[in-house]
Amino acid sequence: MKKILAIFSTMAVCVNMFAYAEYSDELVQAYNYAYWSRITTMDTIEKADMEGKLTRIAMSKMITNYAINILWLNVPNIDGCNFSDVSSALNSDYDNGVTNACKLGLMWQNMPNNKFRPYDTVTRAEFGTTLSRAIHKALWTTLADWAPY
């Protein structure tokens with residue numbers, strides 16, 4: 001029995017090595033950190049689509065997970081974070097990332113026509129702004145503390 005388990009374990013390691021072979025060490029390390037830190041819930045690097053486009057709804061889930069699991073922020077119990085283009089079911093599919101990112105003050109308040117635009121691609125500027133907001137919240141700094149930026 002132990003030999004069979006050892007064989008299966010070896011096979012699993014080899015399969016993972018082949019799967020990771022097409023990715024750079026940097027991407028593999030980033031994926032492993034994100035997975036073990038519970039920033040992503042994708043259980044393989046292929047499912048994580050490391051080189052694909054990042055949508056706003058996917059980022060809302062990941063930035064919320066990062067804020068909670070890494071920065072130890074708490075989601076406040078406030079109202080007013082509903083968007084006309086994000087149903088409760090869609091929000092739930094992304095672990096309520098849309099409402100949690102909004103409640104944390106990380107993403108897209110006062111959007112035109114109350115739309116979140118969940119499937120739009122995130123720009124580098126949007127990503128940087130959102131990450132910066134999360135870090136500054138964790139450091140207990142306010143927008144007034146950032147001036148001039």
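As a starting point, this report considers the structure included with it. All figures in this text were calculated on a predicted structure; none of them were measured in a lab. (Residues numbered from 1 in each chain as written. Predicted model: local features only at pLDDT ≥ 70, side-chain atom pairs only at ≥ 80, totals over all residues. Heavy atoms only, no water.)

1. What about the state of the cysteines?
Going through the model one piece at a time under the given rule, you end up with one disulfide. One disulfide in the model links Cys81 with Cys102; its S-S distance is 2.3 Å. Taking the sign of the S-S torsion, -70° for the link of Cys81 and Cys102, the bridge is left-handed. Taken together, the residues Cys81 in the loop between helix 4 (56–69) and helix 5 (88–93) and Cys102 in helix 6 (residues 97–103) connect sequence positions 21 residues apart. (Disulfide = S-S within 2.5 Å. Helix = DSSP H or I, 4+ residues; strand = E, 2+ residues; numbered from the N terminus.)

2. A look at the packing of aromatic side chains
Here the structure, examined in full by the defined rule, presents three aromatic pairs. With 5.9 Å between their ring centres and 20° between their planes, Tyr31 and Tyr35 make a pair best called stacked. Of this pair, Tyr31 and Tyr35 both sit in helix 2 (residues 25–36), four residues apart, roughly one helical turn. The buried category is assigned to Tyr31, whose relative accessible area is 3%. Here Tyr35 falls in the partly exposed class, since its relative accessible area comes to 27%. These aromatic residues form a ring-pair network of at least three members: Tyr31, Tyr35 and Trp36. (Phe/Tyr/Trp six-rings, centres within 6.5 Å; stacked < 30°, edge-to-face > 60°. Buried < 20%, exposed > 50% of the residue type's maximum accessible area, 1.4 Å probe, protein only.)

3. Describing the nonpolar core
Among the nonpolar cores identified, the biggest contains 24 residues, and Ile63, Phe83, Leu106, Met107 and Phe116 are the most heavily contacted of them. Broken down by secondary-structure element, the contributors of at least two residues to this core are helix 4 and helix 6. In terms of residue count, helix 4 provides more of this core than any other element does, five residues in total. With sequence-adjacent residues up to four places away left out, Leu106 is seen in contact with Ile63, Ala67, Ala101, Thr130, Arg133, Ala134 and Lys137. Residues Tyr23, Leu27, Val28 and Tyr31 belong to the second largest nonpolar core, which totals five residues. (Core = buried A, V, L, I, M, F, W, Y, C linked by side-chain atoms within 4.5 Å. Contact = heavy atoms within 4.5 Å.)

4. A few points about the packing of helix 4 against helix 7 (residues 124–138)
For the pair helix 4 and helix 7, the least separation of the axes is 11 Å and the interaxial angle reads 20°. Accordingly, the angle class assigned to the pair helix 4 and helix 7 is roughly parallel. Crossing handedness for the pair helix 4 and helix 7: right-handed. Touching Arg56, Met59, Ile63 and Tyr66 of helix 4 are Glu126, Phe127, Thr130, Leu131, Ala134 and Ile135, all from helix 7. Taken together, the residues that form the contact of helix 4 with helix 7 break down as seven nonpolar, one polar and two charged. (Axes fitted to C-alpha atoms, helices over the stretch in contact; angles between N-to-C directions. Parallel < 35°, antiparallel > 145°, perpendicular 65-115°, else oblique. Left-handed = near helix turned anticlockwise from the far one by under 90°. Nonpolar A, V, L, I, M, F, W, Y, C, P; charged D, E, K, R; others polar.)

5. Considering unusual backbone geometry
For Asp49, which is not glycine, the phi dihedral falls at a positive 50°. Assignment of secondary structure puts Asp49 in the loop between helix 3 (45–48) and helix 4.

6. Topic: the layout of surface pockets
Rolled over the atoms, a probe as big as a water molecule pinpoints where empty space is left. Counted as a void, the largest pocket has a volume near 1000 Å³. Lining the largest pocket are 31 residues, with Ala48, Asp49, Met50, Leu54 and Met62 positioned closest to its centre. Looking at which element gives the most residues to the lining of the largest pocket, the answer is helix 4, with six residues. Split into classes, the residues belonging to the lining of the largest pocket amount to 19 nonpolar, six polar and six charged. (1 Å grid on protein atoms, 1.4 Å probe; cavity = no way out; pocket = protein on both sides within 12 Å on 5 of 7 lines; lining within 4 Å. Points joined across faces, edges and corners; volume = space filled by probe spheres on them.)

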